[in-house]
Amino acid sequence: MKSKWLNRLVEYGSYGDTPIVFIAPHEGGDLIELDVDETKEIVEISERGTGHLVKLAAKQIGATFIINQVSRIQADFARNPDLLGKGETFKYFLKEKRREFKCHTDIKYLKLLKRFHNLIEKRNPSFIIDFHRMSSEEIDIRLGFGVNRKYIGGTKNAFDFRKKIFDKSDFNDLNVMISKKVLAGESEFILNKHHKGRHVALVEFSSQRGFDLEKGYISERYETFVKKLAEVSTEF
Ligand SMILES: [Zn+2]
(Lines give C-alpha, C1' and ligand atoms only; values in the text may rest on other atoms or scores of the structure.)
Protein backbone atom coordinates (compact mmCIF):
# COMPACT_ATOMS: atom_id res chain seq x y z
CA MET A 1 0.00 0.00 0.00
CA LYS A 2 1.43 3.34 -1.06
CA SER A 3 0.00 6.53 0.38
CA LYS A 4 -1.49 9.21 -1.85
CA TRP A 5 -1.58 12.88 -1.05
CA LEU A 6 -3.69 15.96 -1.66
CA ASN A 7 -1.32 18.94 -1.90
CA ARG A 8 1.21 17.04 0.24
CA LEU A 9 -1.02 17.90 3.21
CA VAL A 10 -3.71 15.24 3.29
CA GLU A 11 -2.43 11.68 3.23
CA TYR A 12 -4.78 8.83 2.34
CA GLY A 13 -4.79 5.24 1.22
CA SER A 14 -6.67 1.95 1.22
CA TYR A 15 -5.35 -1.39 2.43
CA GLY A 16 -8.27 -3.19 0.78
CA ASP A 17 -11.93 -2.90 -0.20
CA THR A 18 -13.54 -2.80 3.24
CA PRO A 19 -15.89 0.23 3.03
CA ILE A 20 -14.82 1.78 6.32
CA VAL A 21 -12.89 5.06 6.60
CA PHE A 22 -10.73 6.05 9.58
CA ILE A 23 -9.93 9.76 9.76
CA ALA A 24 -7.35 11.74 11.78
CA PRO A 25 -8.38 15.36 11.15
CA HIS A 26 -6.04 16.92 13.73
CA GLU A 27 -2.69 15.20 13.18
CA GLY A 28 -1.27 18.43 11.78
CA GLY A 29 0.15 21.44 13.54
CA ASP A 30 2.69 21.93 16.19
CA LEU A 31 3.41 23.67 19.42
CA ILE A 32 2.35 27.28 19.78
CA GLU A 33 3.44 29.87 22.28
CA LEU A 34 0.69 31.67 24.15
CA ASP A 35 0.70 34.53 26.65
CA VAL A 36 -0.68 33.13 29.89
CA ASP A 37 -0.76 35.23 33.05
CA GLU A 38 2.15 37.38 31.86
CA THR A 39 4.29 34.37 31.04
CA LYS A 40 4.67 32.28 27.93
CA GLU A 41 3.16 28.82 27.75
CA ILE A 42 3.87 26.24 25.11
CA VAL A 43 0.66 24.55 24.05
CA GLU A 44 0.47 21.48 21.85
CA ILE A 45 -2.32 21.98 19.35
CA SER A 46 -1.76 18.95 17.18
CA GLU A 47 -3.10 15.51 17.98
CA ARG A 48 0.11 13.77 17.05
CA GLY A 49 -0.22 9.99 16.97
CA THR A 50 -3.82 9.81 15.73
CA GLY A 51 -2.46 9.43 12.20
CA HIS A 52 -0.49 6.37 13.25
CA LEU A 53 -3.64 4.93 14.87
CA VAL A 54 -5.89 5.37 11.80
CA LYS A 55 -3.30 3.56 9.67
CA LEU A 56 -3.15 0.68 12.16
CA ALA A 57 -6.94 0.41 12.21
CA ALA A 58 -7.29 0.52 8.42
CA LYS A 59 -4.52 -2.01 7.92
CA GLN A 60 -6.11 -4.45 10.34
CA ILE A 61 -9.29 -4.82 8.24
CA GLY A 62 -8.26 -3.71 4.74
CA ALA A 63 -9.97 -0.33 5.02
CA THR A 64 -9.19 3.32 4.16
CA PHE A 65 -7.45 6.01 6.19
CA ILE A 66 -7.23 9.80 5.78
CA ILE A 67 -4.79 11.96 7.74
CA ASN A 68 -4.77 15.74 7.68
CA GLN A 69 -1.49 17.58 8.33
CA VAL A 70 -2.78 21.16 8.23
CA SER A 71 -2.68 22.92 11.59
CA ARG A 72 -6.09 23.82 13.00
CA ILE A 73 -4.94 27.42 13.19
CA GLN A 74 -4.94 27.53 9.39
CA ALA A 75 -7.88 25.17 8.81
CA ASP A 76 -9.65 22.89 11.24
CA PHE A 77 -10.73 19.87 9.20
CA ALA A 78 -13.36 18.89 11.76
CA ARG A 79 -15.13 22.24 11.27
CA ASN A 80 -17.48 23.49 8.61
CA PRO A 81 -15.57 24.80 5.55
CA ASP A 82 -18.15 27.61 5.31
CA LEU A 83 -16.80 28.99 8.60
CA LEU A 84 -13.22 29.22 7.35
CA GLY A 85 -11.87 32.73 7.99
CA LYS A 86 -15.01 33.76 9.92
CA GLY A 87 -13.49 34.22 13.39
CA GLU A 88 -13.68 30.70 14.83
CA THR A 89 -11.89 30.08 18.12
CA PHE A 90 -10.34 27.04 19.78
CA LYS A 91 -11.23 26.79 23.46
CA TYR A 92 -9.36 24.79 26.06
CA PHE A 93 -8.37 24.75 29.71
CA LEU A 94 -4.91 25.59 30.97
CA LYS A 95 -4.00 26.12 34.62
CA GLU A 96 -7.69 25.72 35.42
CA LYS A 97 -8.66 28.68 33.30
CA ARG A 98 -10.65 28.69 30.13
CA ARG A 99 -8.58 30.06 27.26
CA GLU A 100 -8.95 30.39 23.53
CA PHE A 101 -7.13 31.30 20.38
CA LYS A 102 -8.19 32.00 16.82
CA CYS A 103 -8.37 29.00 14.54
CA HIS A 104 -9.74 27.96 11.14
CA THR A 105 -8.44 31.27 9.81
CA ASP A 106 -6.96 30.82 6.36
CA ILE A 107 -9.33 30.92 3.40
CA LYS A 108 -6.67 29.59 1.06
CA TYR A 109 -7.35 26.09 2.43
CA LEU A 110 -10.99 26.10 1.32
CA LYS A 111 -10.34 24.14 -1.85
CA LEU A 112 -8.31 21.51 0.00
CA LEU A 113 -11.03 21.17 2.65
CA LYS A 114 -13.62 20.54 -0.06
CA ARG A 115 -11.39 17.94 -1.71
CA PHE A 116 -10.97 16.27 1.68
CA HIS A 117 -14.76 15.94 2.03
CA ASN A 118 -15.08 14.70 -1.56
CA LEU A 119 -12.51 12.03 -0.78
CA ILE A 120 -14.69 10.67 2.03
CA GLU A 121 -17.83 10.69 -0.12
CA LYS A 122 -16.09 9.08 -3.08
CA ARG A 123 -15.18 6.08 -0.96
CA ASN A 124 -18.90 5.75 -0.03
CA PRO A 125 -18.14 4.12 3.34
CA SER A 126 -20.70 2.27 5.44
CA PHE A 127 -18.91 3.37 8.61
CA ILE A 128 -16.79 6.49 9.27
CA ILE A 129 -14.63 6.59 12.38
CA ASP A 130 -12.93 9.76 13.44
CA PHE A 131 -9.89 9.65 15.80
CA HIS A 132 -8.97 12.49 18.16
CA ARG A 133 -6.97 13.09 21.29
CA MET A 134 -8.44 14.59 24.46
CA SER A 135 -7.29 15.63 27.88
CA SER A 136 -8.25 13.21 30.65
CA GLU A 137 -6.58 11.80 33.74
CA GLU A 138 -9.40 9.31 34.38
CA ILE A 139 -10.66 8.06 31.03
CA ASP A 140 -8.48 6.29 28.45
CA ILE A 141 -10.83 6.28 25.50
CA ARG A 142 -14.18 7.94 24.90
CA LEU A 143 -16.52 6.63 22.24
CA GLY A 144 -19.05 9.09 20.85
CA PHE A 145 -22.00 8.23 18.67
CA GLY A 146 -23.91 11.52 18.76
CA VAL A 147 -26.92 12.50 20.84
CA ASN A 148 -28.69 9.38 22.16
CA ARG A 149 -26.00 7.35 20.36
CA LYS A 150 -28.09 7.75 17.23
CA TYR A 151 -25.12 7.42 14.86
CA ILE A 152 -24.76 3.75 15.69
CA GLY A 153 -28.46 3.02 15.97
CA GLY A 154 -29.02 3.74 19.66
CA THR A 155 -27.72 2.96 23.12
CA LYS A 156 -27.94 -0.83 22.86
CA ASN A 157 -25.72 -0.89 19.77
CA ALA A 158 -23.25 1.51 21.40
CA PHE A 159 -22.79 -0.76 24.40
CA ASP A 160 -22.65 -3.87 22.16
CA PHE A 161 -19.90 -2.19 20.19
CA ARG A 162 -17.77 -1.69 23.30
CA LYS A 163 -18.56 -5.16 24.67
CA LYS A 164 -17.47 -6.82 21.43
CA ILE A 165 -14.12 -5.02 21.60
CA PHE A 166 -13.60 -6.10 25.21
CA ASP A 167 -14.54 -9.69 24.30
CA LYS A 168 -11.60 -9.80 21.89
CA SER A 169 -8.83 -9.07 24.32
CA ASP A 170 -8.00 -8.34 27.93
CA PHE A 171 -8.58 -4.60 28.27
CA ASN A 172 -9.43 -4.62 31.96
CA ASP A 173 -6.91 -1.89 32.68
CA LEU A 174 -8.51 0.41 30.10
CA ASN A 175 -11.25 2.80 31.11
CA VAL A 176 -13.41 3.15 27.99
CA MET A 177 -16.41 5.40 28.28
CA ILE A 178 -19.40 5.77 26.00
CA SER A 179 -20.38 9.38 25.83
CA LYS A 180 -24.02 10.35 26.19
CA LYS A 181 -23.68 13.46 24.10
CA VAL A 182 -20.88 15.82 25.10
CA LEU A 183 -18.16 15.92 22.44
CA ALA A 184 -19.87 12.96 20.93
CA GLY A 185 -20.03 14.13 17.41
CA GLU A 186 -22.84 16.66 17.35
CA SER A 187 -20.34 19.49 17.10
CA GLU A 188 -18.13 17.49 14.80
CA PHE A 189 -18.74 18.56 11.24
CA ILE A 190 -17.23 15.49 9.52
CA LEU A 191 -19.61 13.12 11.26
CA ASN A 192 -22.67 15.29 10.72
CA LYS A 193 -21.94 15.98 7.09
CA HIS A 194 -21.23 12.41 6.07
CA HIS A 195 -23.68 10.59 8.32
CA LYS A 196 -26.57 10.15 5.82
CA GLY A 197 -27.76 6.90 7.36
CA ARG A 198 -24.25 5.52 7.75
CA HIS A 199 -22.69 4.59 11.05
CA VAL A 200 -20.25 7.19 12.32
CA ALA A 201 -18.20 7.31 15.50
CA LEU A 202 -15.84 9.62 17.32
CA VAL A 203 -13.00 7.96 19.21
CA GLU A 204 -10.98 10.14 21.59
CA PHE A 205 -7.75 9.00 23.24
CA SER A 206 -6.40 10.45 26.45
CA SER A 207 -3.12 12.29 25.92
CA GLN A 208 -2.08 11.75 29.54
CA ARG A 209 -3.01 8.10 29.97
CA GLY A 210 -1.92 6.95 26.54
CA PHE A 211 1.53 8.35 26.83
CA ASP A 212 4.57 6.23 26.09
CA LEU A 213 7.91 8.04 26.10
CA GLU A 214 9.51 5.72 23.55
CA LYS A 215 6.71 6.11 21.01
CA GLY A 216 6.15 9.81 21.48
CA TYR A 217 2.56 9.43 22.64
CA ILE A 218 0.83 6.14 22.01
CA SER A 219 1.02 3.25 24.42
CA GLU A 220 0.87 -0.29 23.11
CA ARG A 221 -2.47 -1.00 24.78
CA TYR A 222 -4.03 1.81 22.74
CA GLU A 223 -2.62 0.26 19.57
CA THR A 224 -4.12 -3.10 20.47
CA PHE A 225 -7.46 -1.50 21.30
CA VAL A 226 -7.57 0.25 17.93
CA LYS A 227 -7.00 -2.99 16.03
CA LYS A 228 -9.82 -4.70 17.90
CA LEU A 229 -12.08 -1.68 17.41
CA ALA A 230 -11.44 -1.93 13.68
CA GLU A 231 -12.41 -5.62 13.64
CA VAL A 232 -15.63 -4.91 15.52
CA SER A 233 -16.54 -2.05 13.22
CA THR A 234 -16.89 -4.55 10.35
CA GLU A 235 -19.68 -6.28 12.29
CA PHE A 236 -21.88 -3.15 12.35
ZN1 LIG B 1 -9.28 16.58 17.50
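The structure we're discussing is the one just above.
The rules behind these values
Residues numbered from 1 in each chain as written. Predicted model: local features only at pLDDT ≥ 70, side-chain atom pairs only at ≥ 80, totals over all residues. Pairing = 2+ DSSP bridges. Helix = DSSP H or I, 4+ residues; strand = E, 2+ residues; numbered from the N terminus. Axes fitted to C-alpha atoms, helices over the stretch in contact; angles between N-to-C directions. Contact = placed C-beta atoms within 7 Å. Expected span 1.5 Å × (residues − 1). Buried ≥ 20, exposed ≤ 12 C-beta atoms within 10 Å, placed from the backbone. Arc of directions from axis to C-beta.

Q: Just give me the short version of the sheet that holds strand E10 (residues 141–144), but keep the residues and values in it.
A: Ordered by their spatial adjacency, 8 strands build an open sheet running E1-E2-E6-E3-E9-E12-E10-E11, and the pairing between neighbours is mixed. Strand pairing shows two members of the sheet lacking a second neighbour, strand E1 (4–6) and strand E11 (176–178), which therefore form its edges. Geometrically, the sheet is characterised by an average inter-axis angle of 20° between neighbouring strands, direction not taken into account. Relative to strand E12 (residues 199–206), E10 is paired through 4 bridges, and the arrangement is antiparallel. Of the residues in E12, the one forming a bridge with Gly144 is Leu202. Lying over the sheet, helix H1 (residues 50–61) contacts strand E3 (20–24), strand E6 (64–68) and strand E9 (127–134), oriented at roughly 170° with respect to E3.

Q: An account of helix H3 (residues 155–168) is needed here, citing residue identities and associated values.
A: Under the 1.5 Å per step criterion, the end-to-end length of H3 is 21 Å for 14 residues, consistent within 8% with the ideal 20 Å. Turning to H3, its buried residues are Ala158, Phe161 and Ile165. The arc that holds every buried residue of H3, seen down its axis, measures 60°, which confines them to one face. Residues Lys156, Lys163 and Asp167 are exposed on H3 and point more than 90 degrees away from its buried face. Contact partners of the buried residues in H3: E11 and helix H5 (220–233).

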